[in-house]
Amino acid sequence: MQWRSNAIVFMRRGIKTRRAVVIGGGLAGLAAAYRLDQGGWSVLVLEKEPRVGGRCRTERDGGFQFDTGVQFFRDSYDSVLKTAVSLGLGEEFRMPPWGKCIFGQGKAACFTPRSVNPLKLLPWRALGLKGVLDVPSTALPLLLKYRAYNIKLPQWWDRGDQVTAREFLSGRTTRAYRRTIAGPVALYAGGAELERVSAAAFMVALRTTFADRTVGFHSGVGALADALAEQVEVKTGIEAVELHRSGSAVTGVRARPRGGGRARSYHADVVVCALPAPMVCPVTGKLGRKAQSVIKSTEYSPGIVVNLGFSGEVKGEVGPVLLSAADGFYASWMCTQGSKAVEYAPSGGSVVTVLIAGEQASGLYARSDRELIEMALGEAGRVYGLEGLTRRRGRVDRHPLARPVASPGYSERVRELATAGSGIKNLLLAGDWTSSPTAEGAVASGFLAAEVAGLSA
Ligand SMILES: Cc1cc2nc3c(=O)[nH]c(=O)nc-3n(C[C@H](O)[C@H](O)[C@H](O)COP(=O)(O)OP(=O)(O)OC[C@H]3O[C@@H](n4cnc5c(N)ncnc54)[C@H](O)[C@@H]3O)c2cc1C
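Criteria and cut-off values
- Residues numbered from 1 in each chain as written.
- Predicted model: local features only at pLDDT ≥ 70, side-chain atom pairs only at ≥ 80, totals over all residues.
- Helix = DSSP H or I, 4+ residues; strand = E, 2+ residues; numbered from the N terminus.
- Buried ≥ 20, exposed ≤ 12 C-beta atoms within 10 Å, placed from the backbone.
- Contact = placed C-beta atoms within 7 Å.
- Pairing = 2+ DSSP bridges.
- Axes fitted to C-alpha atoms, helices over the stretch in contact; angles between N-to-C directions.
- Near = placed C-beta within 6 Å.
- Domains from an automatic or database assignment.
- Arc of directions from axis to C-beta.

Just give me the short version of the overall build of the chain, but keep the residues and values in it.
Across its full length, the chain holds 17 helices and 20 strands. In the chain, which comprises 457 residues, the share counted as buried stands at 51%. Once local pairs closer than 6 in sequence are excluded, the contacts in the chain between residues at least 24 apart make up 74%.

Printed below as a string of structure tokens:
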């Protein structure tokens, strides 16, 4: 799968003179490679794991499909969905008819995205005077007009990038609203608590939760990474360890097989580094001042995904269900396979995915797989009722760097990084942290890196 047929690669190389090496075979790296390949470059992707996809991978076990990181795309993800269509994955799309739910007072209250009037998203009854005065100038225009999913705030709402969602909502909303709606939404769509995400990121999270429909693929979200990898030359199990530099330019990448063996060097006219922020400098060495400072201030939120495979069908086709820590949940949300595709389980079976995010995940990180599976079973039982089902499979994936947190100052840092670049002309940075902390942000950042490479070559 990872190596294209030698003949095709040879034919392509025959007419390609510019060579790019991409470090990291997640969505960002693969998207960059795909675009560069289309633009006439000869491209090689180096991925340290045995499989591509990074945080967007689907694993198969006993007839079940488990998404190990990303769970859903949204129907507003332009780069992701257009790419999927251009790769022939149109038939793979699955837009579940069921709404999303918020669990409270012992039951899941469901809503259908877009059926909700945006005005209803605002906590009218909860608003204090200050909140009411702010609505026309901030919240309402954002909710009504915000269509871009990279966190590009309207110029006039810089303040939203400067304060936390907690600061913004305190005094403007009731504790009950923050506990039952705002908190779960921040964790579900933003990957972190109200104390950590900026008010601007929270507004985006509100909008994507209530207005966007979720999109899954029949064969799992990892189908996108796999399809991208089919288009380019990828070496898996190869870890980039350093860059070769000559003066102020990069000339290549040194990499070694993870399973042992000799390191070798790959020449490159351009290198795209598509790694999570904390992994960049150990490979690239020192970068420009701005890039170093953005990397240093990019915080990550951890996440744990527990996938459970059952024989027997979970009652009620709902999902995803947002959960509140205040109701005693460790998980921030869960879903059944119906909210993605029926193919997630063999006939007569079910998959339940339980996602623990933010602070709760840090507290549980050291727990064994067995304990986490038990915990997930308990929580899934409270939400779905699992009577009569037999568990067949359980899988735990821990992500210390699950998602970059769009904390105060995030949008400003992303803008500054886009202007300053890496500080080295032919070294481009990509990855969700350079754009927005989503699959869409990752793909868009890869496309942008490829475009800049074309301009700088
Ligand atoms: C639990 C979880 C749930 C999520 N849910 C959603 C969701 O529902 N919707 C959504 O839009 N987003 C979601 N996200 C976020 C989404 O997964 C990421 O934004 C996106 O996948 C990041 O892609 P990337 O290419 O930037 O980074 P990665 O996927 O991290 O890719 C980096 C790659 O580099 C490789 N690598 C690392 N070091 C080296 C090296 N030295 N040499 C070679 N290769 C190396 C890694 O193995 C990896 O494959 C979720 C993330 C997590 C963890």
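Summarise the sheet that holds strand β1 (residues 19–23); cite the residues concerned and give the values.
Ordered in space as β10-β2-β1-β14-β20, the five strands form an open sheet in which the pairing is parallel. Where the open sheet ends on each side, the last strands, each with one partner, are β10 (233–236) and β20 (427–429). Direction aside, the axes of adjacent strands within the sheet are offset by 20° on average. Summarising the sheet, strand β2 (residues 42–47) and β10 pair through four bridges and their orientation is parallel. By the bridge assignment for β10, E47 is matched with T236. Against the sheet, helix α2 (residues 27–38) makes contact with β1, β2 and β14 (270–273), and its axis sits at roughly 165° relative to β2, the strand it touches most.

Outline the sheet that holds strand β5 (residues 73–74), listing residues and values.
The strand order across the open sheet formed by three strands is β5-β9-β6, and the pairing between neighbours is antiparallel. In the strand order of this sheet, the two ends are held by β5 and β6 (93–94), each with one partner. Sheet topology places β5 next to strand β9 (residues 214–217); two bridges connect them, and they run antiparallel. Across the sheet, the residue bridging to F73 is V215, located in β9.

Now, about the site of the ligand: what can you tell me, with residues and values included?
Around the ligand, a shell composed of 39 residues is seen, among which G24, G26, A28, G54 and R55 lie nearest. Every element with two or more residues in the shell around the ligand is listed here: α2, β2, β11 (238–246), α12 (277–284), β15 (300–311), β19 (390–404) and α17 (439–456). Counting residues per element, the shell around the ligand draws most heavily on α17, at four residues. Taken domain by domain, the makeup of the shell around the ligand includes at least three residues from each of domain 1 (2–54 + 223–298 + 409–456) and domain 2 (72–96 + 214–220 + 300–404).

Give a detailed account of the environment of R392, specifying residues and quantitative values.
Locating R392 in the fold gives a position in strand β19. Under the C-beta neighbour-count criterion, R392 is labelled partly exposed, with 18 such atoms within 10 Å. Sequence separation between R392 and D61 is 331 residues; the distance between their C-alpha atoms is 9.9 Å. Those residues in contact with R392 that lie beyond four places of it in its chain are G62, G309, F310 and S311.

Give me the lowdown on helix α13 (residues 289–297), citing residues and values where you can.
Every buried residue belonging to α13 is among A291, V294 and I295, and all of these are buried. In a view along the axis of α13, the buried residues occupy a sector of 100°, so they form one face of it. Exposed residues pointing more than 90 degrees away from the buried face of α13 are listed as R289, K296 and S297. Check the buried side of α13 and you find it contacts α12, α16 (410–420) and β20.

An account of the environment of L417 is needed here, citing residue identities and associated values.
Residue placement: L417 occurs in helix α16. Owing to 21 C-beta atoms within 10 Å, L417 belongs among the buried residues under this scheme. Along the primary structure L417 and Q292 are separated by 125 residues, whereas in three dimensions their C-alpha atoms are 9.6 Å apart. Sequence-distant contacts of L417, defined by excluding residues within four places in its chain, comprise K290, A291, V294 and T434.

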